[in-house]
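Overview (structure and organization)
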Amino acid sequence: MKCSLGPYADGMRADKFFERDRDGQPRAPFLHNIMHNKGRWGLSHARPPTESRPGHVAIIAGFYEDPSAVTKGWKANPVEFDSVFNRSRHTVAFGSPDIVPIFCSALPHTYTDSYSTEFEDFATDASFLDEWAFDRLERFLKESQSDPKIQKDIKDDGLIIFLHLLGCDTNGHAHRPYSDIYLNNINLVDRGIESTVKLIEEYFPDGKTAYVFTSDHGMSNKGSHGDGDPQNTETPIVVWGSGVRGPEMASPEDDVDDGLLFVDQHRHHENTPASWGLKHIERTDINQGDIAPLMSTLLGLPCPLNSVGTLPVEFLALDKRDQARAMFGNAKQVLDQVLRKSQLKQATSLFFKPFMPLVEYESMLASIDQLVSSGQFESALESAQELIKVALEGLHYFQTYDWLFLMSTVIMGYLGWMVYVFLHILETYTKFPLYSHRKAQRVTGRESGKRMVRLSGGLLMGACSLLLLFERAPPLYHAYLGLAMFFWTEIFAHFRLLQNVGSVIQTTKFSWFQQVIITSVISFIVLELLVASFFIREVYTGIFSVAGVVGAVVVSCNMRDLSMVPAFVWASCWFLSAFTMMPTQIADNTALVVGSGILVVMVASIGRWLDYINASDPYWKLKFCTTASKLDKSWLLLCIQVLLVLASSGMVWVTTSYRAQKKGLPFIHQAINWFLAGFSMLLPLKSPRGILPRLLSIFLGFAPLFLLLSIGYEALFYTALELVLFSWILVESAICHSVVPSSSPKWERLNSNYLPESTGRQSSNSALCSIELHHTRVALCFLVLINVAFFGTGNMASVASFEISSVYRFITIFDPFIMGALLLCKIFVPFILVTCAFSAVTRILELPRLGCYFVVLLLSDVMTIHFFFLVKNTGSWMDIGQSISHFGIMSAQVVFVLILFALSSVFTHDLDLLSSEQRSSLARLQTSNDHKYH
C-alpha cells in the first residue's frame, strides 16, 4: 500500500453522522455513497475515558491508555509508545495543536503543522478549523511539486496522511450536537473529504491509497464527553480504497445476538436504525483498538508493539489464506507481550506462578501454522482468534499478578490508620479514663514497652523491605507495606492504653453500651446511605426529607418561643431534597440564573434584617450565639456585596446574549467577570464577627463566582444549600442551649451517667469541651452536607456531568487547565459554605475543631474501606474506572477536607461568640422571664 489517508473528525457522534436530515437526504452524502458502493462501514466502540488523547492512542497504537495521563492533561506522553506513525515511512499530519504535536512532533520522518490555540474559540462557529486542515493539505501537496525532497518522501510506500478535524468537537461543546452549527459541520467535513479524496487520487494516480474515516469519541446531548454513555463511545468508521473489501448486502443473521460485547459493553450485531438508510448494507462494528492493526495491515507494516487490537478481517479484500496468515501474525504480536511480561515477572519472583493456559504456547503456534500449511484456513483463522483471546487474558493475569499482596497490605494499612486515629481521639479529645492513678509507674513502664515494640516493628519492616528489594518491587509497594507496619507498630506500642480501654469497657455500665450500639448503628446506616448515593443521587432526597421532619421536631421541642423556626427548618430541607431528583444534564436557563441572583440578595437581606431587629433580644443571643449588630459601616459592606451579586446577574444575561448571537465575548466583559468573582470573595474578611452576619457575608461573597459559572438550576441550588446550612446551625443551637446550665460542665454530668468514677484528664484546651459520643452527629451531618454539595448538581461517577459551557463567561479560547480550574472552583464554592457552617457549629458547641476533623476522618475511612472492596478489575471499563474513581475520591477526602478547613478558617477564625458565663446569665434571664410570664 502506498498511502493511507486518515481524516479523524474529533467529537463526531455516530447517529448524527449516519442519520438523514429533515429532507430525508444523507447528512454526509459523499461518505454515504462510499458506504453504498465502494467500502465498508460500521461503528467503532471507544472505551472510557472518552477523551481526545486516549481515543487517538487507541486508534494509532491499538491499546487503551492508562488514565494516569490525565495528570498531564492528555497533552504529553507519560510513557513513549509505538504507533502506526512510528512504523510508517513518512507521516503528514495537519490539525489541532492539542493533538498533532503530541503524536507527531517527536518523529523525524513527519511533516506537521497546526493552527494557533487562539483559533479554538467556543463563542464562534468552529467549522473553519476543519477547512484549515483541508486547505493546509492541499497547499502542502502543491508545495511538494517544487520541492524534490518532499516529493520523493511522500511518493514512497508506507505514507500516512493524518488530518485531525476539531470543528465538530468544539461546536458540540459550545452549541450542542443537535444544533444546526454541529449538523452543518458534519456536512462540511463530508464535502472536505470529497475534495481531498479527489486531490489525493490526482496526486497518487496508481490507485494504491486506502482511506479510513473515524472519530476518537462522540458527544452527549449536553455538549460533553468522557464517560461511557453510548453517545460518547459510539463513533463512525468508514473504510474504502486499495485492499478494502466492497459493500455487501445485509443478511438476517447479522442481527442475531452472539453474546459477545465490545469494550464499551455494547453487544455485537445491534440493529441498524431505519433513519440511517443503511439497513440493507452489511455493517461491521469493531473496537477502537482494532483500527491500528487494520491500518498496519493495509499499509503492509508491522503492528504497533503494544497493540491489543484484533485485526478486523471483514474489512480486508483478502482470500482465506491471507486472512488466516494476517490473523496469525496478529496473534503472535499479542502473544509476544504476554511472554515478555512473564519473563520479567519470573526474573524477580521467588515463587513464580505461570499463566497455565499458555504454558504450551509453542504447540499452539505450531498447530496454527500446520493448519495454514494444510489449507485449513477457516480453522486456522478461528484458532488464531482464540489465541488472541487467551493472550489478552494472560496480559490481564500478569497485570494483576500482585493483587493479593496489594489487597491485604492496603486493607491492613487502612485498618491500622483507623485504629490509630480512634485511639488518638480517645486520648486527646475525650474524657475517657485511659490511665491508672500511678503516674510514675505508668510513664516508666509505658516508655520501655514502646521502645521494644518499635524496635521489633522496625526490624520486621526492614526484613520485608529487603524481600521487596530482591523482587524489584515498585516504590509504591514499599510505601504501602511500610505505612501498614508503621501504624500497627504504633498501635501495639500503646498496649498499656489498649489494656486500660479493655478494663474500662469491662467495668462500664450497660446503659453506656446501649448508647454506643445506637450511635454505631445510626452512623453505619448513614454511611451506607452515603455510599449508595455515589450510585443513586436520589438517596439524598430521602435523607433530607427525613432530616427536615427530625430537625423541625428538635427545634420545636427546644424553641417554643420561636414558632416559625421549625417551619423554616422543614421547608429548607425539603427544598434542597428536590435537587437530587433533577437530571445531571443541566439545561441552559439564563432567566433562572438571574432570578437566583435576586433570590440570593433577598435571603441575605432578610437575614441581616432579622439579626438587626433582634440584636438586643436575649432569646436571640442565646439561641443563635450572635452579637449585637449596629447600623454602621457593616451595612455599607452589605450594600456593596448586594450590588456585586446584582452586577454578576446582569453579566450572566449580557454574556449569554453574546453566545446566542454566535459572537466572541469581548475582553472587557471577561475582565469584568473576573473582577466581580475575585473581588467579592475578599469582602467577607471585613464583615462583622457575629455568626449570622459573617455567614451571610460569605454567602454573598461567593455568590458572584457561582452565578457566573452557572447555566441553569444549579444557581438555585446555591441558595437552597445555604438555607439548609442555616437550619443546621439553628438545630445545633437549639440542642446546645436546651440543657439548663449548672455549676459543672455538661460533659462531666453526661459522662457520669455512663462511665465509672475516675480522675479523667483535662482537655488540651480548657476553653473547649471534650468530644462526646453524641457529638458524632456533627461529623455525620458534615459528611452528608459535603457530599450533597457535590451531588446536588452533578454525578460523582462522571466528570462529564459538569458542563464545560459553565466557564464560557470567563474564557472562550480552549485551555484545559484554566477551564478545569474554573470547574473545580465551581465545585469548591458549596464545599466552602459547608465547611464554614461546620466551623460555626463547632464554635457554638465549644468543640475542638481539629478533634471533630479526626472524627470526620474516621467516618470517611469507613466509607473508603467499603469503596475499596467495590473496586473492580473485570467487567466494563466504565465500571472499572467508576469504582476506582470512587475509591480515589474517598481516599483524597482526608487531605481535601483538611484543605477546606484551612480555607474556611480564613473567614471563620475570628467569629465572636458569647462566652459560657454570658450564655449562663442569658439562660437564667430567660428562665426568670418565663416564670414572670407564667
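Residue numbers run consecutively from 1 along every chain, following the written order of its sequence. Where totals are concerned, whole chains, interfaces and linings use all residues; where local detail is concerned, this predicted model gives features only for residues with pLDDT of at least 70, and gives and counts side-chain atom pairs only at 80 or more. The side-chain numbers reported here are obtained from all heavy atoms of the structure, hydrogens and water having been left aside.

Section: the overall build of the chain
This is how the line gets drawn: Secondary structure elements are taken from DSSP: a helix is a run of H or I of four residues or more, a strand is a run of E of two residues or more, and numbering for both begins at the N terminus. Relative accessibility thresholds used throughout: buried, under 20% of the residue-type maximum; exposed, over 50%; partly exposed, between the two (1.4 Å probe, protein chains only). In this analysis, two residues are considered to be in contact whenever any of their non-hydrogen atoms come within 4.5 Å of each other. Methods summary: accessible areas were calculated by the Shrake-Rupley approach with a probe of 1.4 Å, and residue burial reflects only the protein chains presented.
Counting its regular elements, the chain contains 33 helices and eight strands. Taken across its 934 residues, the chain has 53% of its residues classed as buried. Within the chain, contacts between residues separated by at least 24 positions form 78% of all contacts whose residues are at least 6 apart in sequence. Looking at the chain as shown, the accessible area adds up to about 40400 Å², and 62% of this sits on carbon and sulfur atoms.

Notes on the packing of helix α20 (residues 539–558) against helix α29 (residues 776–791)
The condition that has to hold: Note on geometry: axes are C-alpha line fits, over the in-contact stretch for helices, and angles between N-to-C directions span 0 to 180 degrees. By the definition adopted for this analysis, an angle is roughly parallel if under 35 degrees, roughly antiparallel if over 145, roughly perpendicular if from 65 to 115, and oblique otherwise. By the definition used in this description, the sense in which the near helix is turned from the far one sets the handedness, with an anticlockwise turn below a right angle giving left-handed and a clockwise turn giving right-handed. When residue character is reported, Ala, Val, Leu, Ile, Met, Phe, Trp, Tyr, Cys and Pro are called nonpolar, Asp, Glu, Lys and Arg charged, and the others, Gly included, polar.
Two elements in contact, α20 and α29, have axes whose closest approach is 11 Å; the angle formed by their N-to-C orientations is 135°. Judged on the interaxial angle alone, α29 and α20 are oblique. Like other packed secondary-structure pairs, α20 and α29 cross with a definite hand, here left-handed. Taken together, the residues of α29 that come into contact with α20 (itself represented by Tyr-540, Ile-543 and Phe-544) are Val-784, Leu-785, Asn-787, Val-788 and Phe-791. The residue inventory of the contact of α20 with α29, partitioned by class, reads seven nonpolar, one polar and no charged.

A short note on helix α31 (residues 849–870)
Stated formally: A helix is expected to reach a length of 1.5 Å times the quantity of its residues less one.
Helix length check: α31 (22 residues) gives 32 Å between terminal C-alpha atoms against 32 Å at 1.5 Å per residue, within 8%. Taking burial as the measure, the 22 residues of α31 include 16 buried ones, the bulk of the element.

So, the packing of aromatic side chains
Our working rule: Only Phe, Tyr and Trp rings take part, Trp by its six-membered ring, and two of them pair if their centres are within 6.5 Å. Stacked means planes under 30 degrees apart, edge-to-face means over 60, and tilted covers everything else.
This structure, assessed with the given rule, holds 51 aromatic pairs. Relative to Phe-679, the ring of Phe-675 lies with its centre 5.3 Å away and its plane at 10°, an arrangement referred to as stacked. Taken together, the positions of Phe-675 and Phe-679, both in helix α25 (residues 667–680) and four residues apart, correspond to about one turn of that helix. What makes Phe-675 partly exposed here is its relative accessible area of 49%. Classification of Phe-679 by relative accessible area gives partly exposed; the value is 34%. Plain terms: the ring middles of Phe-868 and Phe-887 are 5.2 Å apart, the flat faces sit at 55° to each other, and that makes the pair tilted. Linking Phe-868 in helix α31 with Phe-887 in helix α32 (residues 877–908), this pair joins segments that are 19 residues apart in sequence. Overall, the relative accessible area of 18% leaves Phe-887 in the buried class.

Let's talk about the nonpolar core
Stated precisely, the cut-off is as follows: As used here, the term nonpolar core means buried Ala, Val, Leu, Ile, Met, Phe, Trp, Tyr and Cys residues forming a set that is joined through side-chain atoms within 4.5 Å.
Ranked by internal contacts, the top residues of the largest apolar core, which has 121 residues, are Phe-544, Leu-576, Tyr-718, Trp-728 and Phe-782. The element contributing the most residues to this core is helix α30 (residues 816–844), with 15 residues. Excluding anything up to four places from it in sequence, Trp-728 contacts Val-778, Cys-781, Phe-782, Leu-785, Val-834, Ala-837, Phe-838 and Val-841.

Points about helix α17 (residues 475–493)
With 19 residues, α17 extends 26 Å between its outermost C-alpha atoms, agreeing within 8% with the 27 Å of an ideal straight helix rising 1.5 Å per residue. Among all positions of α17, only Tyr-477, Leu-481, Gly-482, Ala-484, Met-485, Phe-487, Thr-489, Glu-490, Ile-491 and Ala-493 are buried.

Thoughts on the side chain of Asn-171
Counted only if it meets this: We call two N or O atoms a polar contact when they sit within 3.5 Å, provided that within protein one can donate a hydrogen and the other can accept it, with sequence-adjacent residues counted only if both atoms are side-chain atoms.
Inspection of the secondary structure puts Asn-171 in helix α8 (residues 167–175). At a separation of 3.2 Å, a polar atom in the side chain of Asn-171 contacts the side chain of Asp-125. Among residues more than four places away in sequence, those in contact with Asn-171 are Thr-124, Asp-125, Ala-126, Ser-127, Arg-176, Ile-181, Tyr-182 and Asn-185.

Digging into the environment of Trp-574
Looking at where Trp-574 falls in the secondary structure, it is placed in helix α21 (residues 564–577). On the accessibility criterion, Trp-574 (38% relative accessible area) is partly exposed. Remark: the alpha-carbon pair of Trp-574 and Ser-545, spanning 29 residues in sequence, is separated by 5.5 Å. Apart from the residues within four sequence positions on either side, Trp-574 is in contact with Phe-544, Ser-545, Gly-548 and Val-549.

A word on the confidence of the model for the chain
Put simply, the test is: pLDDT is a per-residue confidence score from the predictor, ranging from 0 to 100.
Across the chain, the average pLDDT comes to 82, with 83% of residues at or above 70. Contacts for the low-pLDDT stretch residues 436–441, under 50 throughout, to residues beyond four places or in other chains number three contacts. Between residues 795–801, whose pLDDT stays under 50, and residues either more than four places distant or in other chains, the model counts 23 contacts.

What about the pattern of salt bridges?
Heads up, the condition is: When a carboxyl oxygen of Asp or Glu lies within 4 Å of a side-chain nitrogen of Lys or Arg, that pair is called a salt bridge.
Counted according to the given criterion, the structure contains 19 salt bridges. When the shortest N-O distance is used, the salt bridge between Arg-40 and Glu-282 registers 2.7 Å. Separated by 242 residues along the polypeptide, Arg-40 in strand β2 (residues 40–45) and Glu-282 in the loop between β7 (234–241) and β8 (286–287) bring together distant segments of the chain. Side by side, Arg-40 and Glu-282 carry an identical accessibility label, which is buried. Notably, a salt bridge pairs Lys-345 with Asp-402, separated by 3.2 Å at the nearest N-O pair. In this pair, Lys-345 sits in helix α12 (residues 320–348) while Asp-402 sits in the loop between α14 (377–399) and α15 (403–429), placing the two residues 57 residues apart along the sequence. Within this structure, Lys-16, Glu-19 and Arg-27 form a network of salt bridges that share partners.

Here's the deal with unusual backbone geometry
A positive phi angle, near 80°, is found at Arg-176, a position not held by glycine. Among the structural elements, Arg-176 can be located in the loop between α8 and α9 (180–203).

Structural notes on a nonpolar patch on the surface
Under the convention used in this document: Patches draw on residues past 30% relative accessible area with no salt bridge. Two like charges within 9 Å are joined, as are two nonpolar side chains (Val, Leu, Ile, Met, Phe, Trp, Tyr) within 5 Å.
On the surface, Ile-598, Met-602, Ile-606, Trp-609, Leu-610, Tyr-612, Ile-613, Leu-643 and Leu-646 cluster together into a nonpolar patch covering about 850 Å² of accessible area. Elements supplying a minimum of two residues to the nonpolar patch: α22 (590–613) and α24 (633–660). If you tally residues by element for the nonpolar patch, the top one is α22, at seven residues.

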